[in-house]
Amino acid sequence: MNHPATLKYASTHEWVKIEGDLVVTGISDHAQDALGDLVYVEVPAVGSEVTAEQAVGVVESVKTASDIHAPISGVVVEINTALEDDPDFVNDDPYGKGWIYKIKAHNLADVEKLLDHAAYEAGL
């Protein structure tokens with residue numbers, strides 16, 4: 001599995017990357033691999049308030065569906081609209097084209113409470 005050491009991870013298999021004052025999030029390589037080929041990604045609405053650990057969306061594959069959880073609290077400011085037409089970006093490039101949404105964090109320091117690369121992989 002590919003889990004970049006530069007990212008932080010939630011125990012529910014979401015990854016986060018800080019970009020300026022925003023937090024980009026998606027699902028990990030482990031999660032997309034376990035789900036199989038994705039056919040649909042339901043994202044939270046722009047402007048919606050999210051709370052850490054809250055289910056905010058769904059990824060559906062040919063095998064199953066799974067909730068997407070907010071890794072931190074904040075406001076959704078952008079969604080990856082490309083996933084509407086190509087949800088397989090999550091399978092092909094989960095840390096690049098497959099990002100799911102961006103959050104304006106209430107407290108950016110909350111990212112540091114998430115798992116680092118080693119702790120995430122140890123829990124798999």
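Residues numbered from 1 in each chain as written. Predicted model: local features only at pLDDT ≥ 70, side-chain atom pairs only at ≥ 80, totals over all residues. Heavy atoms only, no water.

1. A short note on a nonpolar patch on the surface
Here is the rule: Note on patches: the residues involved have over 30% relative accessible area and no salt bridge, like charges join within 9 Å, and the nonpolar side chains Val, Leu, Ile, Met, Phe, Trp and Tyr join within 5 Å. What sets the accessible areas is the Shrake-Rupley method with a 1.4 Å probe; for residues, cover comes only from the shown protein chains. Salt bridges are defined as contacts in which a side-chain nitrogen from Lys or Arg sits within 4 Å of a carboxyl oxygen from Asp or Glu. Numbering of helices and strands runs from the N terminus; a helix is a DSSP stretch of H or I covering at least four residues, while a strand is a stretch of E covering at least two.
There is a patch of nonpolar side chains on the surface, built from V39, Y40 and V62 and spanning about 300 Å² of accessible area. With respect to the helices and strands, Y40 occurs in strand β4 (residues 38-42).

2. Section: a negative patch on the surface
We apply this condition: Under this rule, positive means Lys or Arg and negative means Asp or Glu; His and the chain ends count for nothing. In this description, the location of a charge corresponds to atom NZ of lysine, CZ of arginine, CG of aspartate or CD of glutamate. Buried residues are those whose accessible area, probed at 1.4 Å on protein chains only, stays under 20% of the maximum for their type, while exposed residues exceed 50% and partly exposed ones sit between those limits.
Taken together, the side chains of D37, E84, D85, D86, D88, D92 and D93 make up a negatively charged region of the molecular surface. By the element assignment, D92 lies in helix α3 (residues 89-92). On the basis of relative accessibility, which here comes to 59%, the residue D92 falls in the exposed class.

3. Describing the sheet that holds β4
Put simply, the test is: Two strands pair under a simple rule: DSSP has to find at least two bridges between them. Inter-axis angles, ranging from 0 to 180 degrees, are taken between N-to-C directions of lines fitted to C-alpha atoms, where helices are fitted over the stretch in contact.
The sheet built from 3 strands is open, its strands ordered β4-β6-β7 with antiparallel pairing. Among the strands making up the open sheet, the edge pair consists of β4 and β7 (65-69). Taken over all neighbouring pairs, the strand axes of this sheet differ in orientation by 20° on average, direction set aside. Sheet topology note: the strand β6 (residues 55-61)/β7 ladder contains 5 bridges and is antiparallel. Looking at β7, one finds that G57 is bridged to I68.

4. Comments concerning the sheet that holds strand β8 (residues 74-79)
Spatially, β1-β2-β3-β9-β8-β5 is the arrangement adopted by the 6 strands of the open sheet, whose pairing is antiparallel. On the outer flanks of this sheet lie β1 (8-9) and β5 (49-50), each paired with one strand and no other. Bridge analysis of strand β3 (residues 22-27) against strand β9 (residues 101-105) gives 4 bridges, and the strand direction is antiparallel. By the bridge assignment, L22 is partnered in β9 with K104.

5. So, the UniProt feature "modified residue: N6-lipoyllysine" (unreviewed entry) in the protein chain
Stated precisely, the cut-off is as follows: UniProt positions are given in the numbering used here, feature names are shortened, and annotations may be inferred rather than shown by experiment. Whether two residues are in contact is decided by their heavy atoms, any of which lying within 4.5 Å being enough. For this analysis, a polar contact is any N or O atom pair within 3.5 Å, provided that within protein one partner can donate a hydrogen and the other can accept it, and provided that sequence-adjacent residues contribute only side-chain to side-chain pairs.
Mapped onto the present numbering, the UniProt feature "modified residue: N6-lipoyllysine" (unreviewed entry) falls on K63. Relative to the helices and strands, K63 is located in the loop between β6 and β7. Look at K63 and you get exposed, because its relative accessible area is 59%. Leaving out residues up to four positions away in the same chain, K63 has contacts with A34, L35 and G36. Within the structure, the side chain of K63 is placed 3.2 Å from the backbone oxygen of A34, a separation counted as a polar contact.

6. A closer look at the pattern of salt bridges
Tallied over the entire structure, the rule returns 6 salt bridges. Linking K104 and D21 is a salt bridge whose minimum nitrogen-to-oxygen distance equals 2.6 Å. In this pair, K104 is assigned in strand β9 and D21 in the loop between β2 (14-19) and β3, connecting sequence segments 83 residues apart. Residue class for K104 comes out partly exposed when judged on its relative accessible area of 36%. Taking the relative accessible area as the measure of exposure, D21 reaches 44% and is therefore partly exposed. One salt-bridge network, in which partners are shared between bridges, spans K17, E19, E78 and K102.

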